[in-house]
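# Structural overview
This is what each chain is made of:
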Amino acid sequence: MGEIDYQNNLNRAQQEAVFSPDGPTLIIAGAGSGKTRTLVYRVAWLVENGIPPERILLLTFTRKASQEMLRRVEQMLNRSCQGVAGGTFHSLAYKILRIYGATIGLNRPLTVLDRKDSEELVGKIIKAKKWDKEKDLPDKKEFLELLSRLVNRGQTFEEGLAKSFFENGVSLSKLKEVNQDYEAFKRQHGLLDYDDLLSQCLHLFRQETGVVRKLSAFYQYVLVDEYQDTNLLQAEMVRYLTQGNIMVVGDDSQSIYGFRGAHFKNILNFPHQFPGTRVIKLEENFRSSQPILNLANRMISYSKERYSKCLFSRFKEGEPPCCVELPYEESQSQFVTRQLQEFHNQGIPWQEMVVLFRAGHHSFNLEIFLQKEGIPFKKYGGRRFVEGAHIKDFLSYLKVAHNPMDVLAWERILKLLEGLGPKRAQEIVGQMTICPDWVSRLKCLSRYPRLKSQLKGLSSLFQNLVDQPDSSPTQALETIWEYYQNLLPGLYEEPQRRQKEIEEIIRVSYNYTETETLLGDLSLEVYEEPDGQEKDQLTLSTVHSAKGLEWKVVFIIWLTEGRFPSSQSMLDPEEMEEERRLLYVAITRAKERLFLTYPQSLSYRGGGWQKNDLCHFIADIPEDLLVRQGRSVPNHSPLIHSSYVSEISKEDDDGFSKGTKVFHPLFGNGVIQEPPQERKVRVLFKRYGSKVLHLDYARLELG
DNA sequence: TTTTATAACATTTTT
DNA sequence: TGTTATAAAA
Ligand SMILES: Nc1ncnc2c1ncn2[C@@H]1O[C@H](COP(=O)(O)OP(=O)(O)OP(=O)(O)O)[C@@H](O)[C@H]1O
């Protein structure tokens, strides 16, 4: 077994943490202070001292994070640590509920609803109410957001909602009614949404002390990373899961998941919940240069909250961070692209650089520029490919085969057939749920003569699937694909891309022997969309998805009031504080170089065209901490100039006059039919016919 | 009455 | 880009 060199790889405080005696330990420390590394060494140390890996529970924010940590442990120990139970709270809860759920009435199969599934269900419930559409009920999205916030804080509607909410005309009774139906439907059909995973798991813990005893005795050591982003339910879960050897790690100034009920007070409360907690602070920063930390420290010091620490770097030297104002979004994209290329030419690989932004769609324009320049990139955050309609369709067949009572999946696949809408789908599914077995279900399908040929195809698909009950998930998916591939081209645009994504799902399924596990993981873990075999890639990411990671060079784009911070946070001071912490997280991802950029151009906002203002978190930062560059940057003047010229023509028709050839990334080549009116332009595409596009959303280029 | 085609519109963050 | 409100068609 390889000897681990603790002395040279950890400073004194870290060593103190790694060699902690049994009992509760809290490591609270700033960004880049080596918290994660400490946790990795702690796990290695435990295993080295003879603790069986499977009796260690490592809870992280994503499965990727825990896999990466365990990979490092394995490397250090030169042995496999497959046994360590690693993953997210949600995936752990799902595992526990599948084993013990029956004791609280949750019988298998248990299906996990992802966000889209939940939305669909709530949508159906609201529609079934047939209420006049007054404005006394939030739409399904807002409803679920609200509900999630409440559940994760352990609050009721009355407790959690401010008076003003109801004064705005929202009907409390309707909220409750929808919620009741939602809950009832889920329980009846064995469905669990994300929040249920936590709350039902807790319900189990509270009720079944035997289960708790068993689990907590089994997990000798429990470690939790990013504890500042846990909520009350998760904190309670931790209390049940451990008998006292618990180590949590986090940073109160990096708490960025308030919308999920997380609160940084949680980590500050930890010592109260576990009396006798050893508190260890790490003050030395190993990641960023001092100038970058100076900016981060100053920015967060303007906050109303007083966070617990200040960071000092061991790297004193470094380039100061730079704030670049650019005239238009295009200029911003061009600046970033150009700057990236420059660094790359200096020998910095793409994978050492990242572009960060507040919301997934903020990078659309940049993506076009990168594509044009042939810069390979991978995007994290924003829309996930498993939420695409075609993937949901495809998996619905598997869901039905696995759980014929999955009403939502049934309806989905029936609605794909021509001549079959929501109404009749619901009717057929109603029949289906009373059928006791597949024979009667298939017979039932053949009872609709008007849709005979279509339903016959579907029914023979299920015949095939049910005939081979022992087949692997992959085999089942391949059978389904044979059926679905005939449907796909008629359903959506871009069938080639969608086909690739489906093939990726099939590839993922190779690793699974159980359908239930496959489906669970697909809802609970982030799967990346397929891409070329490019190894060295630039990263584009939302700040949230960049948590815990680091790069040599960091760009943060769209630092304007309304985007970052998001306009939706402006009403609530607490949310605005979270935006500040979010920017703190973004800044502290950088090791050596940091660029903050924003386009000054007009944005459509609040019913009118407005000039962009620089994000107010950094507007007041003095020049010696953050160097300003205007649009007359000498190094890049030719660039700025060219985009400036093309933008000036934007005043009249943006260059999109009638007859102009244009290119759209989705629709390909086309010709302008009608020049822009109110930012909208009609284009005749060669392959897709006539379309009206919005210049601010459509990625239309002069071709 | 139900389904499909079309136009309009809005886009935070994640398990 | 994907959803949703509205109109046309089956
Ligand atoms: N004792 C050390 N000596 C040298 N480098 C270290 C040491 N500890 C950590 N590092 C390095 O510092 C960087 C940041 O460490 P790590 O990711 O563990 O910090 P963190 O506190 O978890 O950060 P964050 O709060 O952003 O998640 C990593 O590159 C890590 O390898």
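Residue numbering note: each chain is counted from 1, following its sequence as written. Chains and ligands are labelled by the order in which they are written, letters from A for the one and numbers from 1 for the other. Per-residue local features of the predicted model are confined to residues with pLDDT of at least 70, and side-chain atom pairs are confined, for both listing and counting, to 80 or more; whole-chain, interface and lining totals are unaffected and use all residues. The side-chain quantities take in all heavy atoms of the structure and omit both hydrogens and water.

### Let's talk about the overall build of chain A
Of regular secondary structure, chain A possesses 28 helices and 24 strands. For the exposure calls, accessible area comes from a 1.4 Å probe over protein chains only, and a residue counts as buried if that area is under 20% of its type's maximum, exposed if over 50%, partly exposed in between. Classification of the 703 residues of chain A by burial places 53% in the buried group. In what follows, a contact means two residues having at least one pair of non-hydrogen atoms within 4.5 Å. Long-range pairs, those at least 24 residues apart, make up 74% of the contacts in chain A between residues at least 6 apart in sequence. Here the open area of atoms and residues is found with the Shrake-Rupley method and a 1.4 Å probe, where only the protein chains shown may cover a residue. When the accessible surface of chain A is split by element, carbon and sulfur atoms take 48% of a total near 32,700 Å². Counting from the N terminus, the helices are the DSSP runs of H or I reaching at least four residues and the strands are the DSSP runs of E reaching at least two.

### Concerning the pattern of salt bridges
Between Lys or Arg on one side and Asp or Glu on the other, a salt bridge is scored when a side-chain nitrogen of the former is within 4 Å of a carboxyl oxygen of the latter. For the structure shown, the criterion picks out 36 salt bridges. The salt bridge partner of Glu525 is Arg63, with a shortest N-O separation of 3.9 Å. Residue Glu525 is located in the loop between helix H25 (515-524) and strand S14 (538-542), and its partner Arg63 is located in helix H4 (residues 63-77); the two are separated by 462 residues in the primary sequence. The class for Glu525 is buried, based on a relative accessible area of 7%. A relative accessible area of 24% means that Arg63 is categorised as partly exposed.

### Topic: unusual backbone geometry
Going from Arg108 to Pro109, the amide bond is cis rather than trans, its omega being 0°. Relative to the helices and strands, Pro109 is located in the loop between helix H5 (89-100) and strand S4 (111-112). Omega for the bond connecting Phe564 with Pro565 falls within 30 degrees of zero, at 10°, which places this linkage in the cis form. For Pro565, the position within the fold is in the loop between strand S15 (551-556) and helix H26 (573-587). Phi at Glu494 takes a positive value of approximately 50°, unusual for a residue other than glycine. With respect to the element layout, Glu494 can be found in the loop between helix H23 (473-491) and helix H24 (495-509). Taking the relative accessible area as the measure of exposure, Glu494 reaches 18% and is therefore buried. Even without being glycine, Trp558 reaches a positive phi, approximately 60°.

### Quick notes on helix H3 (residues 35-48)
Multiply 1.5 Å by the residue count of a helix minus one, and that product is the helix's expected span. Taking 1.5 Å as the rise per residue, H3 with 14 residues should run 20 Å; its terminal C-alpha atoms sit 20 Å apart, in good agreement. Burial analysis of H3 places ten of its 14 residues in the buried class, the great majority of the element. Along H3, the positions that sit buried rather than exposed are Lys35, Thr38, Leu39, Val40, Tyr41, Arg42, Val43, Ala44, Leu46 and Val47. Immediately downstream of H3, the backbone of Gly50 shows phi near 90°, a positive value.

### Some words on the sheet that holds strand S2 (residues 56-59)
In this analysis, strands are considered paired if DSSP registers two or more bridges between them. With respect to topology, six strands assemble into an open sheet ordered S3-S2-S6-S7-S1-S8, the strand pairing being parallel. Looking along the sheet, the strands with just one partner apiece sit at the ends: strand S3 (85-87) and strand S8 (278-282). The sheet shows a mean angle of 10° between the axes of neighbouring strands, direction not considered. Both strand S1 (residues 25-29) and S8 contribute to a ladder of five bridges, which runs parallel. Bridged to Ile28 within S8 is Lys281. Each axis is a line fitted through C-alpha atoms, taken for helices only over the stretch in contact, and angles between the N-to-C directions span 0 to 180 degrees.

### Side note on the confidence of the model for chain A
pLDDT expresses, on a scale from 0 to 100, how confident the predictor is about each individual residue. Across chain A, the average pLDDT comes to 85, with 86% of residues at or above 70. Here residues 604-608 scores under 50 on pLDDT; set against residues more than four positions off or in separate chains, the count is seven contacts. Note on the complex model: pTM 0.85, ipTM 0.93.

### A word on the site of the ligand
Residues in close proximity to the ligand total 18 residues, the closest being Gln14, Lys35, Thr36, Arg37 and Glu550. Contacts to the ligand include Asn9, whose backbone N or O atom sits 2.9 Å from a nitrogen atom. Between the ligand and the protein, one listed contact pairs an oxygen atom with a backbone N or O atom of Gly34 at 3.1 Å. For the ligand, the protein covers 85% of the area, taking 640 Å² as the surface of the free molecule. Tallied by class, residues from the shell around the ligand come to three nonpolar, ten polar and five charged. Two domains share the shell around the ligand, each providing at least three of its residues, namely domain 1 (12-95 + 199-286) and domain 3 (300-383 + 533-629). One heavy atom within 4 Å of a molecule or strand makes the whole residue count as near it. Between N or O atoms, a polar contact is any pair within 3.5 Å; within protein, one atom must be a potential hydrogen donor and the other a potential acceptor, and residues adjacent in sequence are included only when both atoms are from side chains. For this scheme, ten residues count as nonpolar: Ala, Val, Leu, Ile, Met, Phe, Trp, Tyr, Cys and Pro. Four count as charged, namely Asp, Glu, Lys and Arg, and the remainder, Gly too, count as polar. Start and end points for every domain follow an automatic or database-based domain assignment.

### Some points on the side chain of Lys547
Structurally, the position occupied by Lys547 is in the loop between S14 and S15. For Lys547, the residues in contact, after removing those within four places along its chain, are Phe61, Glu226, Gln228, Asp229, Ile256, Tyr257 and Arg589.

### Observations concerning H25
Within H25, nine of the ten residues are buried, which leaves it mostly tucked inside the rest of the structure. Here H25 has its buried residues at Thr515, Glu516, Leu518, Leu519, Gly520, Asp521, Leu522, Ser523 and Leu524.

### A look at the packing of helix H20 (residues 422-434) against helix H21 (residues 438-445)
Closest axis-to-axis distance for the H20/H21 pair is 9 Å, and the angle between their directions is 155°. Classified by the angle between their axes, H20 and H21 sit roughly antiparallel to one another. For the pair H20 and H21, the sense of crossing is right-handed. For the pair H20 and H21, contact is made by Ile428, Gln431 and Met432 and by Arg441, Cys444 and Leu445, respectively. Residue composition of the contact of H20 with H21, grouped by class: four nonpolar, one polar and one charged. Each angle gets one of four labels, with under 35 degrees taken as roughly parallel, over 145 as roughly antiparallel, 65 to 115 as roughly perpendicular, and the rest as oblique. Each crossing gets its handedness from the near helix: less than a right angle anticlockwise from the far helix is left-handed, clockwise is right-handed.

### Some words on a positive patch on the surface
Taken together, the side chains of Lys127, Lys140, Lys141, Arg383 and Lys415 make up a positively charged region of the molecular surface. Within the secondary structure, Lys140 is located in helix H7 (residues 140-153). Residue classification places Lys140 among the partly exposed positions, given a relative accessible area of 37%. Patches here: salt-bridge-free residues with over 30% relative accessible area, like charges joined within 9 Å, nonpolar side chains (Val, Leu, Ile, Met, Phe, Trp, Tyr) joined within 5 Å. All tallies of charge rest on Lys and Arg as positive and Asp and Glu as negative; His and the ends of each chain are not included. Think of each charge as sitting on NZ of Lys, CZ of Arg, CG of Asp or CD of Glu.

### Observations concerning the pairing of strand S16 (residues 590-599)
Counting buried residues along S16, seven of its ten residues qualify, which places the element largely inside the surrounding structure. Here strand S11 (residues 322-326) pairs with S16 via five bridges, running parallel. The partner of Cys322 across the bridge, within S16, is Phe595. Alignment of S15 against S16, held across five bridges, turns out to be parallel. Bridging across to S16, Trp551 finds its partner in Ala590. If you view a crossover with the strands going away from you and the path from the first strand over the helix to the second runs clockwise, you call it right-handed. With H26 bridging S15 and its parallel neighbour S16, the resulting β-α-β unit is right-handed.

### Structural notes on the packing of aromatic side chains
Note on ring pairs: Phe, Tyr and Trp rings are taken, using the six-membered ring of Trp, and paired if centres are within 6.5 Å. Classes follow the plane angle, with under 30 degrees stacked, over 60 edge-to-face and the rest tilted. Tallying each qualifying case throughout the model produces 20 aromatic pairs. Geometrically, the ring pair formed by Tyr6 and Tyr41 is edge-to-face, given 5.9 Å between the ring centres and 65° between the ring planes. Residue Tyr6 is located in helix H1 (residues 6-9), and its partner Tyr41 is located in helix H3; the two are separated by 35 residues in the primary sequence. Comparing Tyr6 with Tyr41 shows no difference in burial state: the two are buried.

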